Amino acid sequence: MDTILLRVSTVFILLFYCSAGYAQIGGLSFDLPKPKKFENRKLRSEKTGDKKFTIPRRFMQNTTTHYNFYFNANEKMKEVLARAKAAHRDDYTKLLSFYNYGFEETAQYKTDLDSIIYKATAGILLHDLRSNWVDNLYLLIGRAYYLKKDFDSAYLTFQYLNYAFSPKEKDGYDKVIGSNSNEEGSAFSISTNEKRNIAKKLLSRPPSRNESLVWQTRTYIANDELPEAASLVQTLKYDPLFPSRLREDLNEAQAWYFYKQQNWDSAAVYLEQALGNTENKQETARWEYLIAQLYEASNKHDLAKSFYERVIKHTIDPVMEVYAVLNAIRQGEGNNEKAIQEAVDALAKMGRRDKYVIYRDIIYYTAAQIELDRKQPAAAKAFLEKSIRYSIDNLQQKNRSFLALANLEFEARDYVNAKRHYDSTNTAIIDPEDLPAYNLRKDALSTIAAQQLVIQRQDSLQKIAAMPEADRTAFLKKLLRQLRKQQGLKEDDVSFGNATQTFAGNTANAAPVDLFNSGAKADFYFANAALRGKGFNDFKLKWGNRPNADNWQRSAAIKQQASAARNNNLPATGDAQAPEDLQPLSIESLKNKLPLTPEKLKVSNDSILQARFATGKALQDNLEEYADAVASYETLRSQFPGSALEEQTLFNLYYCYTKLGDADKAASVKQLMDTKFAKSQLTGIINNPVPADSGRKKEGAVVYDEVYNLFIEGKFAEALNKKHQADSLYGNHFWSPQLLYIEAVYHVHQREDSAAIAVLKNISSLYPSSPMAAKARTMIDVLGRRAQIEEYLTNLQIERPAEDSSQAIAAVGTPMVQGPVVIKQPDTARQQPPVVRNAPPSTTDTSKLVKKPLPAPAGGFVNAPEQGHYVVLVMDKVDPVYVGEAKNAFTRYNKEKYYNKQIDVLPLPLTDDIRFVLIGKFENAAASLEYMNAASKMAPLEIIPWMPAAKYSFIIITENNLELLKSTKDVPAYKKFLIANFKENFK
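Source: prediction; values computed, not measured.

With that out of the way, let us pick up empty space enclosed by the protein. According to the stated counting rule, one finds 3 cavities of 30 Å³ or more in the structure shown. Roughly 60 Å³ of volume is contained in the largest cavity. Glu211, Val214, Trp215, Arg218, Leu246, Asp249, Glu252 and Asn277 are the residues that line the largest cavity. Only α8 (209–222) and α10 (247–260) provide two or more residues apiece to the lining of the largest cavity. The element that contributes the greatest number of residues to the lining of the largest cavity is α8, accounting for 4 residues.

In structure tokens, the structure reads:
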């Protein structure tokens with residue numbers, strides 16, 4: 001317990017005494033008393049200044065601080081990073097993370113990082129503070145906090161380094177950071193001059209203050225404080241005293257900043273300039289791979305190919321090499337059909353080479369993606385099947401191939417095979433947001449695939465039964481031979497379990513296969529590593545992973561026989577539970593399964609009838625594939641006119657045609673029901689949906705209100721399920737244009753454009769006079785041109801201001817002087833990437849650029865009507881999908897109504913339930929209230945009419961009050977504050 005107390009107390013003592021001795025006025029200062037146990041004890045650091053710092057004393061203090069404390073702490077830091085990097089796993093099919101370790105991985109080593117902090121703290125406290133290693137130890141403490149993901153403590157440590165070790169006057173007083181007095185001239189700098197004599201260069205590290213500024217930038221970026229990071233980067237970038245040894249560190253920070261901003265081309269440019277920061281060849285190859293990905297994302301395919309080829313030369317990871325080769329080949333695609341074919345041929349050739357035998361699954365999967373991009377589903381399916389067939393140990397890739405093949409078959413309406421491949425897919429590879437839709441599709445396919453198999457089986461049996469007798473007998477004899485062969489029976493066997501039964505895979509006449517014969521003269525097989533490895537892979541490709549057990553071939557044959565028996569409704573050998581009426585495999589037993597009598601034919605037709613209806617119902621209710629459901633229902637009507645299910649089929653057809661917006665066919669079905677089923681309940685529902693004052697109407701309204709809220713709150717799977725159930729009960733009588741619009745937004749977000757367009761058409765047809773109808777028509781037009789728009793934006797070339805432009809990255813809420821941005825039409829030729837270069841900041845007090853976040857007011861919320869205010873749209877339990885839609889809606893509103901003003905709109909999550917959209921900021925409270933009052937009136941009418949009024953409200957807020965609200969999260973308390981100070985506007 002005493003040890004723990006000592007550790008805690010030393011940290012506080014450190015902060016107190018060091019800040020008192022070195023901190024700039026206005027800097028960090030902590031008045032923390034010592035624990036009573038240590039009140040009368042003085043540490044070595046407290047004795048600083050009691051004695052002269054002579055050369056022998058300096059040598060002893062520097063040596064012990066360096067090797068007893070700094071060296072050990074720094075080695076432990078290296079060990080923590082090495083273990084975090086070893087635990088990190090990259091997925092080369094996705095954009096790599098910026099670093100080859102994550103904060104979740106480093107934070108796991110909390111004990112080791114605390115040990116570093118303790119050892120560095122002891123190194124400071126137990127030695128003279130005039131030692132050359134004090135600032136280096138502080139830097140280690142800040143880095144340890146950074147890796148612990150304790151960004152606030154890291155920021156305070158780096159900021160302390162910035163103030164405490166800043167340049168001093170000759171008499172010891174602090175100079176103002178960023179002032180001209182630092183260089184006694186006109187130079188503008190916040191950095192420390194690193195001009196040192198030879199002795200200092202040999203005996204100590206460079207001063208850590210400049211490094212702390214770079215690490216402070218990284219802390220800002222890691223904590224998503226990007227405007228602050230941008231300001232500090234710009235300041236250091238044009239600082240004349242910033243040392244050249246840290247230029248690569250600064251480029252690395254700037255690359256990470258652009259990476260976080262998803263500004264891929266600029267991130268690639270600056271990351272390339274930071275490649276010298278890598279520790280080894282493999283890390284260099286990893287960053288080169290990331291640079292290639294960034295250029296590819298920027299549509300700079302020539303540069304991407306160049307960097308992928310550099311990866312091939314540098315990497316020692318064979319998996320990275322394979323992906324680099326594959327991606328380099330892909331860069332040659334372009335829009336040239338010949339180039340695309342050459343890329344596919346190169347991949348196919350690569351898959352045949354022995355060097356890449358264990359990577360064939362990845363190679364063929366990549367080829368399939370190229371074929372899908374050029375709309376060749378048959379070729380893509382063939383490559384995906386090869387990818388699955390050649391997959392050995394890469395289960396993740398095998399699952400990707402299964403999922404891609406299942407999606408391809410689903411789009412082709414091959415529901416049976418799609419279901420089979422969805423079943424083979426491990427859901428661990430599916431993104432969490434896509435999992436509800438995946439499970440919904442998989443469950444629906446279970447019903448559809450089962451019914452499709454019923455239809456296929458009964459159709460086949462009826463076709464065989466319709467053959468002439470002689471042709472039927474010949475066909476059955478051929479089929480019988482095939483079935484016997486599948487089960488390993490001789491052709492003359494007449495029963496199961498016969499003593500003469502043999503296995504097809506082990507016949508006496510077949511010559512034994514020599515697994516060790518390579519077909520060429522060579523060394524002894526087991527002495528040749530290449531042959532042995534090839535034999536191992538060939539065996540796995542043919543037989544899969546086999547247990548180290550006897551008789552596995554015989555066991556496999558028995559399982560195959562049992563499976564074949566089940567598929568033909570026949571008992572396996574020795575099945576004691578087999579039905580008594582099952583006969584041995586023979587011509588007669590096969591004939592008994594055919595619908596050769598009227599009774600059996602009726603049973604077969606009833607099975608097809610029920611299966612077609614169940615298929616249509618599943619397509620309609622579960623997948624909302626209304627066109628396919630119509631095809632199933634219409635086939636049922638034509639094949640079985642006047643069936644017992646005709647009325648229900650017509651009712652469902654009316655519903656599907658209505659959903660598809662086909663009013664003419666819906667009216668035709670309605671007329672047919674009026675003629676044939678005039679007095680039925682279903683016809684009554686169509687003609688008289690729901691009486692105006694009935695309890696059913698109230699019930700339906702409640703159900704659809706619940707669906708509405710589920711959509712808004714982001715519970716999409718539950719919302720879709722409840723809506724399907726409600727639609728089957730109430731039809732479309734309780735839909736609202738708002739409900740349909742938010743459902744369409746969900747489908748757009750899922751990139752289900754056809755479903756979104758179908759829903760939007762319902763708005764136009766059912767509510768043509770609603771304000772939502774115009775929005776729906778606009779969205780339909782945009783969705784119809786999505787591919788064209790995306791291609792245009794992908795190829796769009798933006799010329800950013802040159803080096804001498806006045807553009808600078810500014811913090812949120814501060815004015816930004818932005819240079820002209822010239823947009824050119826996309827050029828088919830591939831251009832060099834635009835480099836974002838920013839001009840030096842204006843010559844203001846740069847100490848403000850190196851700043852802490854705005855502190856929360858200590859006395860609570862402050863009424864300052866003369867200060868700038870944001871208008872805030874406060875949303876309660878609204879999914880980010882609709883938060884983004886609301887942001888876009890207000891952006892459009894501002895451009896239309898306030899075209900002569902620059903009004904920013906920025907989303908800001910406050911809690912898991914409460915989300916803000918910041919609008920502004922405005923000059924003062926009066927201006928913000930004027931905007932708020934106008935916007936609040938237009939919101940339910942034009943801006944966000946699809947958002948329930950109970951889900952949002954408006955407030956105004958200053959920047960300081962916003963900081964306090966972000967820390968307290970108490971929105972009701974702030975609303976009370978507004979009511980007290982702005983009674984006329986808030987009630």
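Okay, the nonpolar core next. Ranked by internal contacts, the top residues of the largest apolar core, which has 103 residues, are Phe98, Tyr146, Trp256 and Tyr289. With residues up to four places along the chain from it excluded, the contact list for Trp256 reads Phe98, Tyr99, Phe103, Tyr146, Arg218, Ile221 and Ala222. By size, the runner-up hydrophobic cluster in this structure holds 71 residues, among which are Leu739, Ala776, Val871 and Ala889.

Below, the discussion takes up unusual backbone geometry. Each neighbour pair has its own omega, and for Gly920 with Lys921 the value is 20 degrees, a cis peptide bond. Mapped onto the fold, Lys921 is located in strand β5 (residues 914–922). With a phi angle near 65 degrees, Lys969 is a residue other than glycine that sits in the positive phi range. Relative to the helices and strands, Lys969 is located in the loop between α38 (959–968) and α39 (971–981).

Below, the discussion takes up the pattern of salt bridges. Scanning all chains against the criterion turns up 29 salt bridges. Here Lys78 makes a salt bridge to Glu75, at a shortest N to O gap of 3.4 Å. Here Glu75 and Lys78 lie together in helix α2 (residues 55–87), a separation of 3 residues that amounts to about one turn. Residue Glu75 is classed as partly exposed on the basis of its relative accessible area of 33%. As a salt-bridge pair, Arg310 and Glu288 come within 3.2 Å of each other at their nearest N and O atoms. Of this pair, Arg310 sits in helix α13 (residues 301–314) while Glu288 sits in helix α12 (residues 281–297), and the two are 22 residues apart along the sequence.

A regular strand carries its side chains on alternate faces of the sheet. Across the 9 residues of β5, 7 count as buried, placing the element largely inside the fold. Note that strand β3 (residues 869–876) and β5 share 7 bridges and pair antiparallel. Bridge pairing in β5 links Leu873 to Val917. Here strand β4 (residues 904–909) pairs with β5 via 6 bridges, running antiparallel. Looking at β5, one finds that Pro907 is bridged to Val917. Count of turn residues in the β4/β5 antiparallel hairpin: 4 residues.

It is worth spelling out the packing of α2 against helix α4 (residues 110–125) at this point. Two elements in contact, α2 and α4, have axes separated by 9 Å at closest approach and are oriented at 165 degrees. Viewed along their axes, α2 and α4 adopt a mutual orientation that is roughly antiparallel. As for the relative orientation of α2 and α4, their crossing is left-handed in sense. The segment α2 lies against α4, with Thr65, Phe69, Asn72, Ala73, Lys76, Met77, Val80 and Arg83 engaging Asp112, Leu113, Ser115, Ile116, Lys119, Ala122 and Gly123. Split by residue class, the contact of α2 with α4 holds 7 nonpolar, 4 polar and 4 charged.

Residues Lys349, Arg352, Arg353, Lys386 and Arg389 make up a contiguous surface patch of positive charge. Counting residues per element, the ones that place at least two in the positive patch are α15 (337–352) and α17 (377–389). Within the secondary structure, Lys349 sits in helix α15.

Attention now moves to the sheet that holds β5. Pairing is antiparallel across the open sheet formed by 4 strands, whose spatial order is β4-β5-β3-β6. Among the strands making up the open sheet, the edge pair consists of β4 and β6 (952–958). Each adjacent strand pair in this sheet contributes to an overall mean axis angle of 25 degrees, direction not counted. In this fold helix α36 (residues 880–897) packs onto β3, β4, β5 and β6, with an angle of close to 165 degrees to the strand it touches most, β4. Contacts from α39 reach β3, β5 and β6 within the one sheet, and its direction differs from that of β6 by about 70 degrees.

What counts and what doesn't
Along each chain, residues carry numbers from 1 onward, in the same order as the chain's sequence is written. Local features in a predicted model are, by the rule used here, given only for residues with pLDDT of at least 70; side-chain atom pairs are given and counted only at 80 or more, and totals for whole chains, interfaces and linings are based on all residues. Note: side-chain values were computed over all heavy atoms of the structure, leaving out hydrogens and water. Points on a 1 Å grid, built from protein atoms alone, make a cavity when a 1.4 Å probe fits but cannot get out and make a pocket when they are open with protein on both sides within 12 Å along at least 5 of 7 lines; residues with an atom within 4 Å of a point are the lining residues. Grid points are joined across faces, edges and corners, and a volume is the space filled by probe spheres set on the points. Numbering goes from the N terminus for both helices and strands, where a helix is a DSSP run of H or I of at least four residues and a strand is a run of E of at least two. By nonpolar core is meant a set of buried Ala, Val, Leu, Ile, Met, Phe, Trp, Tyr and Cys residues that side-chain atoms within 4.5 Å join together. Only protein chains enter the area calculation, which uses a 1.4 Å probe; residues under 20% of their type maximum are buried, those over 50% are exposed, and those in between are partly exposed. Two residues qualify as a contact provided that any one of their heavy atoms is within 4.5 Å of a heavy atom in the partner residue. Salt bridge criterion: a side-chain nitrogen from Lys or Arg within 4 Å of a carboxyl oxygen from Asp or Glu. The pairing criterion is simple: DSSP has to find at least two bridges between the two strands. Interaxial angles span 0 to 180 degrees and are taken between N-to-C directions of axes, which are lines fitted to C-alpha atoms, for helices over the stretch in contact. By the definition adopted for this analysis, an angle is roughly parallel if under 35 degrees, roughly antiparallel if over 145, roughly perpendicular if from 65 to 115, and oblique otherwise. Left-handed describes a crossing whose near helix is turned anticlockwise from the far helix by less than a right angle; the clockwise case is right-handed. Residue polarity follows a fixed list, in which Ala, Val, Leu, Ile, Met, Phe, Trp, Tyr, Cys and Pro are nonpolar, Asp, Glu, Lys and Arg are charged, and the others, Gly among them, are polar. Two distance rules govern patches: like charges are joined within 9 Å, and nonpolar side chains (Val, Leu, Ile, Met, Phe, Trp, Tyr) within 5 Å, applied only to residues with over 30% relative accessible area and no salt bridge. For every accessible area listed, the method is Shrake-Rupley and the probe measures 1.4 Å; residues are considered covered only by the protein chains on display. Charge assignment: positive for Lys and Arg, negative for Asp and Glu; neither His nor the chain ends contribute. The location of each charge is read from NZ of Lys, CZ of Arg, CG of Asp or CD of Glu.

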